Amino acid sequence: MTARRLVVAGSSLAGLRAAEAARKLGFDGTITMIGAEPGLPYDRPPLSKGFLAAEPAPTTFRDQEALRRLEIDLHAGVTATGLDVAARKVSTDAGVFGYDGLVVATGVTARWPAALRGLDGVHTLRTAQDAQAIRAAFDAGARVLVVGAGFIGSEVASSARARGLSVTIVENLETPLTRAVGRSMGAALSALHRDHGTDLRCGTKLEALEGKGKVERARLSDGSVLDVDLVVLGVGATPSTDWLASSGLTVDDGLVCDEHLSAGPGVYAAGDVARWPNAGFDGVSMRLEHWTNATEQATTAVRNWLSPDSRRPHVSVPYFWSDWYDSRIQFVGVADAEEVLVTSGSPAERKFVALYRRGDRVVGALTLNRPSLIMKLRALVARQAGWAEAVEFSTGR
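Residues numbered from 1 in each chain as written. Predicted model: local features only at pLDDT ≥ 70, side-chain atom pairs only at ≥ 80, totals over all residues. Heavy atoms only, no water.

Caption draft 1: Molecular detail of the nonpolar core. Val181 and Leu366 are the most contacted members of the largest nonpolar core, which has 110 residues in total. Looking at this core, the element that brings in the most residues is helix 1 (residues 13-24), giving 7 residues. Dropping the residues within four chain positions of it, Val181 is found in contact with Phe151, Gly186, Leu189, Phe320, Phe331, Ala335, Tyr356 and Leu366. Among the nonpolar cores identified, the runner-up in size contains 15 residues, and Val122, Leu206, Leu220 and Val231 belong to it. (Core = buried A, V, L, I, M, F, W, Y, C linked by side-chain atoms within 4.5 Å. Buried < 20%, exposed > 50% of the residue type's maximum accessible area, 1.4 Å probe, protein only. Helix = DSSP H or I, 4+ residues; strand = E, 2+ residues; numbered from the N terminus. Contact = heavy atoms within 4.5 Å.)

If you want it as structure tokens, here you go:
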């Protein structure tokens, strides 16, 4: 293969998998990986799970020797600042990198409302540094307020309760996770918080934080005032695309790609930052912040760059999991459905299977504490199985 230059912007999961896929597919040119965070690429999901609740363990994917063997030139602590598509150059705060192929895998940045800045003890959870600060507060016995009852916020609350800490969650919506799993299942999953002594307050907003240099109190929209030492914001994330503003590429809640994950000449995207039409769900535009998606898209993006004459659309069934307390939550497909049916177990038992129907097709499945079934359910959704078949398969299991 003719030596060429691959630049990967982003050194988390999608970026690393893109570089590894290039080598597995026979690419023998140079691979340059640019990452804004210092250090080696690392896994993020453990940061809100085991890292906070138990003894910290290394979360790096590969050591320096493994990167050397793959001939990946990692530039850690280097931030991409601009892209010239015509000249095929990425500008950074450490210089300019030319490329023949570029994989954009810059991920997302945790949202942090400006009104909540200025006091110590307030954190988001996206980076290893964030997790270390939160863990230190846990170690000090902090009274914890989590803002947002989504998956990250719920995992933080679960980890705090595992340490015996007092935890309150405030959630703006009347029912958490409505967009992710639907109203009825959002209510079912949220019951896990109350089962484990977490004070969940829905339909409630954080109005203000108070303290002298460090957070001491939180004022809520229901009029209550909480004494707190730690506030963790789990209010979503924003795609890291500011550096692409003058590139001429289309940016709209992510870097917009075609069905092949191509965003422009020689430019592909993968992971949390990529928005593409998913042919598996009628071409609906999706941007997925899921671990599995990052891995799968990275391989597709690199394969399509290396073999442009045989490019394949990226078709995917979304899959994510989350660990709360002693429970494993898993979801495949989409929650935009006409019907949600519990076919096995029950929410009251805290162990169930629920299917999501659109027309005569199963489009999604949620399981609580049924880990052995989820990949079989994903296969049903992937081949667009009929509703009756999916119900028959999952009933009573």
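Caption draft 2: The arrangement of the pattern of salt bridges in detail. For the coordinates displayed, the defined rule picks out 24 salt bridges. One salt bridge in this structure joins Arg44 and Glu37, with 2.7 Å as the shortest N-O distance. The closest approach of N and O atoms between Arg68 and Glu65, which form a salt bridge, is 2.5 Å. You can see Arg68 and its partner Glu65 sitting in helix 3 (residues 64-69), 3 residues apart, about one turn around the helix. Through salt bridges that share partners, Glu210, Glu216, Arg217 and Arg219 make up one connected network. (Salt bridge = Lys/Arg side-chain N within 4 Å of Asp/Glu carboxyl O.)

Caption draft 3: Highlighting helix 1. Here helix 1 spans 16 Å end to end across 12 residues, near enough to the 16 Å set by a 1.5 Å rise per residue. With 11 of its 12 residues buried, helix 1 lies for the most part within the structure. Regarding helix 1, the residues found buried are Leu13, Ala14, Gly15, Leu16, Arg17, Ala18, Ala19, Glu20, Ala21, Ala22 and Arg23. Tucked into the core, helix 1 has its buried residues touching strand 1 (5-9), strand 2 (30-35), helix 3, strand 3 (72-76), strand 7 (101-104) and helix 8 (291-306). At the C-terminal side of helix 1, Gly26 shows a positive phi close to 95°. (Expected span 1.5 Å × (residues − 1).)

Caption draft 4: Unusual backbone geometry, seen in detail. The backbone of Leu177 sits at a positive phi, close to 65°, despite the residue not being glycine. You can see Leu177 is positioned in the loop between strand 11 (167-171) and helix 6 (178-181). For Leu177, a relative accessible area of 10% puts it in the buried group. Unlike most non-glycine residues, Gln384 shows phi in positive territory, near 55°. When you line up the elements, Gln384 lands in the loop between helix 9 (374-382) and helix 10 (387-394).

Caption draft 5: Quick peek at the environment of Thr300. Assignment of secondary structure puts Thr300 in helix 8. On the basis of relative accessibility, which here comes to 10%, the residue Thr300 falls in the buried class. Placed 11 residues apart in sequence, Thr300 and Arg311 show a C-alpha to C-alpha distance of 8.7 Å. In this structure, Thr300 is in contact with Leu261, Arg312 and His314, ignoring residues within four places of it in sequence.

Caption draft 6: The arrangement of the packing of aromatic side chains in detail. Counting across every chain of the model gives 7 aromatic pairs. An angle of 65° between the planes, with centres 5.4 Å apart, marks the rings of Phe27 and Trp305 as edge-to-face. Note that Phe27 is positioned in the loop between helix 1 and strand 2 and Trp305 in helix 8, a separation of 278 residues in sequence. Consider the rings of Phe320 and Phe331, whose centres lie 5.5 Å apart with planes at 25°: the pair is stacked. Linking Phe320 in strand 23 (residues 319-324) with Phe331 in strand 24 (residues 327-333), this pair joins segments that are 11 residues apart in sequence. Three or more aromatic residues joined by ring pairs make a cluster, and in this case those are Phe151, Phe320, Trp324, Phe331 and Tyr356. (Phe/Tyr/Trp six-rings, centres within 6.5 Å; stacked < 30°, edge-to-face > 60°.)

Caption draft 7: Broad picture of the side chain of Ser344. Positionally, Ser344 belongs in strand 25 (residues 339-346). Those residues within four positions of Ser344 in sequence are excluded, and the remaining contacts are Lys351, Phe352, Val353, Arg370, Ser394, Gly396 and Arg397.

Caption draft 8: Expanded view of helix 10. Of the positions making up helix 10, those classed as buried are Trp387, Ala390 and Ser394. Seen end-on, helix 10 carries its buried residues on one side only, within an arc spanning 65°. Away from its buried face by more than 90 degrees, helix 10 exposes Ala388 and Glu392. Among the structural elements, strand 25, strand 26 (351-358), strand 27 (361-368) and helix 9 are those in contact with the buried residues of helix 10. With its phi angle positive at about 80°, Gly396 sits one or two positions after the end of helix 10. (Arc of directions from axis to C-beta.)

Caption draft 9: Fine view of the pairing of strand 26. Among the 8 residues of strand 26, 6 are classified as buried, and the element is accordingly described as predominantly covered. Alignment of strand 25 against strand 26, held across 7 bridges, turns out to be antiparallel. Directly across from Gly345, in strand 26, lies its bridge partner Phe352. If you look at the hairpin formed by strand 25 and strand 26, you'll find 4 residues sitting between the two strands, and Arg350 has a positive phi there, around 60°. Where strand 26 and strand 27 come together, 7 bridges link them in antiparallel fashion. Residue pairing in the sheet places Tyr356 in a bridge with Gly364 of strand 27. Connecting strand 26 to the antiparallel partner strand 27 that follows it, the hairpin turn spans 2 residues, and Gly359 within it adopts a positive phi of roughly 65°. (Pairing = 2+ DSSP bridges.)

Caption draft 10: A look at the sheet that holds strand 6 (residues 95-98). Strand order in the open sheet formed by 3 strands is 4-5-6, and the pairing between neighbours is antiparallel. Edge positions in the sheet fall to strand 4 (80-84) and strand 6, since each has one partner strand and no second. On average, each strand axis in the sheet is inclined to that of its neighbour by 20°, with strand direction left out of account. In the sheet, strand 4 pairs with strand 5 (residues 89-92) via 4 bridges, with the strands oriented antiparallel. Bridging across to strand 5, Gly82 finds its partner in Ser91. (Axes fitted to C-alpha atoms, helices over the stretch in contact; angles between N-to-C directions.)

These values are about where atoms sit, not about what they do.
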